[in-house]
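Structure at a glance
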Amino acid sequence: MRSSPADTADGVVAARKKLLVILGAGSSLALGLPSVNKLSTLVRGWAADWSRARGWPNYYGLIETAQDRARAAPIPGVARTATTNFETLLGDMVGLAHWLMPGPSGASLRHVLTGPAALADLTFPHHGPYGPTQIVQNQLEYILKALAVHMRQCSSAIDPAAEAAEAYRSLLAPLHAAFDVGVYNLNYDSAALMAWPGAYTGFEQGVFAPAHIHARANWGFVYHLHGSVHHSLADPYSDRIVWNDDLTGAFEDAHQPGLGDERSDGRAFPKSTLIAGGFKLDQLLVEPFHSHHAALVRHAHEADAILIAGYGFADAHVNRALRNRFETSPLEERPPVAILDWAGKITIGMAGRTDDWSSAVAQTLKAPTSFFQEPGNSDWPNPQDLVARDAFEVTDQHRVALWHGGFARAATRSREIAAWLERGDPDALKGL
């Protein structure tokens, strides 16, 4: 495990521990960035705008209607899954475009979609063998561009002097003091760079430097695994992503090169500066995403501690990078983990939860939910009581601590969180 030197009290040089930070959408909500539900509403509107402007069917809307119908009639005895969001539907659009493509690249499902059994509402104004595929991809490209523009506007509106921005920085400050930090921002926004402006991004003078990422021993980075508001295509026809510091400048956010950029099994994707929707492993195959994901796998195994904030545990490629580390590490060698989440009024303690999020946490971190309890208290914890006392749920045996008070409020206990991540001592996390 690579380490950098740090002076100890007695003058002996010691290795600084490495902290892996994973930031999900919940980490930037207090700064005014939109939630997944808010973005789903916006994407629905952009899809409708595209349809009205062209007088063509709204394929995104048709897919959403089909999803809603499917969820309204679940299989008896099978738990209802989470509400459909824009990422699921954008993934379905990629699948639809692929199914509509003719052979030899297309799928056999084209004959289901365009033959006698085709859906009555699924019509296409452009004919010819590639017309249906191209028009669905055109709507997808329109949505991706609108998403990039909106996120850039939201990031430009972040007030670095606001209380939430100060809390963001206050939470990270003790972590920087105790660790060499590496951040994987799953969001598109600039919040992490607002708090840590000198971090290495993998881009040097605006140009992506993959060889340097793979050879880099130092941490001190913020990598945007799913894209950044600072990303732009080099020109309207380029596939190369560059970095633009000026969020008010000119950007090229997406384009559709012919039938799209082909990935696995013939699936084609518009070239975009962001990763959104399904088939994320396919989307990760291009730079800078490919090198950032490869680095995540390496850093998950190098980390001495892990902080996960505002993450819904819904990305299989992120979960697997963590899960593979925990599956191969004996309990006594596990890195301490802190999860910063937010509990609603009806959220119950981990020991009684059976929802998708708690199940994904348990599976990813190999930490059964039944082991979570408040340090020093044998009763089942109530998340609302924990929030009121700034306390945590912890499974000491698996070295995982869970905070229910939201990202910004966690700044009030940033030193205790840093102490837990340094030593794995649950006494540091007792309620106030």
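Attention here is on the structure that accompanies the text. Because the structure is predicted, anything quoted here is derived from the model rather than measured. (Residues numbered from 1 in each chain as written. Predicted model: local features only at pLDDT ≥ 70, side-chain atom pairs only at ≥ 80, totals over all residues. Heavy atoms only, no water.)

1. Side note on empty space enclosed by the protein
Under the definition given, this model contains 1 cavity of 30 Å³ or more. The wall of the largest cavity is formed by 18 residues, among which F269, P270, S272, L274 and Q283 lie closest to the centre. Sorting the residues of the lining of the largest cavity by element identifies α3 (86-100), α5 (131-156) and β12 (271-272) as the ones contributing at least two each. A total of 3 residues in the lining of the largest cavity trace back to one element, the largest contributor, which is α3. (1 Å grid on protein atoms, 1.4 Å probe; cavity = no way out; pocket = protein on both sides within 12 Å on 5 of 7 lines; lining within 4 Å. Points joined across faces, edges and corners; volume = space filled by probe spheres on them. Helix = DSSP H or I, 4+ residues; strand = E, 2+ residues; numbered from the N terminus.)

2. So, the packing of aromatic side chains
Inspection of the entire model under this criterion finds 13 aromatic pairs. Measuring from ring centre to ring centre gives 5.2 Å for F203 and W243, while their planes differ by 40°; the resulting arrangement is tilted. Of this pair, F203 sits in strand β4 (residues 203-204) while W243 is found in strand β8 (residues 241-243), placing the two residues 40 residues apart along the sequence. By the burial criterion, F203 is buried, and W243 matches it. (Phe/Tyr/Trp six-rings, centres within 6.5 Å; stacked < 30°, edge-to-face > 60°. Buried < 20%, exposed > 50% of the residue type's maximum accessible area, 1.4 Å probe, protein only.)

3. Details of the environment of A178
Residue position: A178 is located in helix α6 (residues 163-178). Classification of A178 by relative accessible area gives buried; the value is 18%. In sequence terms A178 and L19 are 159 residues apart; their C-alpha atoms lie 8.9 Å from each other. When neighbours within four sequence positions are excluded, A178 is seen to be in contact with R16 and E422. (Contact = heavy atoms within 4.5 Å.)

4. As for unusual backbone geometry
For the bond running from E287 to P288, omega is 10°, close enough to zero to count as cis. Looking at where P288 falls in the secondary structure, it is placed in the loop between α9 (280-283) and α10 (289-302). Positive phi, normally seen in glycine, also occurs at K366, with a value near 50°. Tracing the chain through its elements places K366 in the loop between α12 (356-365) and α13 (383-388). By relative accessible area, which is 30% here, K366 ends up partly exposed. The phi dihedral of D390 is positive, around 50°, even though this residue is not glycine. The residue D390 is located in the loop between α13 and β15 (392-395) in this model.

5. Details of the nonpolar core
If you look at the biggest cluster of nonpolar residues, it comprises 120 residues, and the most contacted ones within it are L20, Y168 and L421. Considering every element that reaches this core, the biggest residue donor is α5, with 10 residues. Aside from chain neighbours lying at most four places away, what touches L20 is G182, Y184, W219, L296, H299, A300, A303, A305, I306, L307 and L322. (Core = buried A, V, L, I, M, F, W, Y, C linked by side-chain atoms within 4.5 Å.)

6. Here's the deal with α6
Over its 16 residues, α6 runs 24 Å from end to end, which matches the ideal 22 Å to within 8%, given 1.5 Å per residue. Residues of α6 that are buried include every one of A164, A165, A167, Y168, L171, L172, P174, L175 and A178, and no others. (Expected span 1.5 Å × (residues − 1).)

7. Side note on the environment of L23
Examined against the element boundaries, L23 turns out to sit in strand β2 (residues 13-23). For L23, a relative accessible area of 3% corresponds to the buried category. Linking L23 and A192, residues 169 residues apart in sequence, is a C-alpha distance of 8.5 Å.

8. Overview of the packing of α3 against α5
Where α3 meets α5, the closest approach of the two axes is 8 Å, and the angle between their N-to-C directions is 155°. By the angle between their axes, α3 is roughly antiparallel relative to α5. For the element pair α3 and α5, the recorded crossing hand is left-handed. Here F86, L90, M93, V94, L96, A97 and L100 of α3 come into contact with α5, specifically with P132, T133, V136, Q137, Q139, L140, I143, L144 and L147. Taken together, the residues that form the contact of α3 with α5 break down as 13 nonpolar, 3 polar and no charged. (Axes fitted to C-alpha atoms, helices over the stretch in contact; angles between N-to-C directions. Parallel < 35°, antiparallel > 145°, perpendicular 65-115°, else oblique. Left-handed = near helix turned anticlockwise from the far one by under 90°. Nonpolar A, V, L, I, M, F, W, Y, C, P; charged D, E, K, R; others polar.)

9. Section: the pattern of salt bridges
By the definition in use, this model includes 17 salt bridges. Residues K145 and E141 are paired through a salt bridge, measuring 3.2 Å at the closest nitrogen-oxygen approach. Here E141 and K145 lie together in helix α5, a separation of 4 residues that amounts to about one turn. Residue classification places E141 among the buried residues on the basis of a relative accessible area of 11%. Residue E166 pairs with R169 through a salt bridge whose shortest N-O separation is 3.2 Å. One end of the pair is E166 and the other is R169, both in helix α6 and 3 residues apart, which spans about a single turn. (Salt bridge = Lys/Arg side-chain N within 4 Å of Asp/Glu carboxyl O.)

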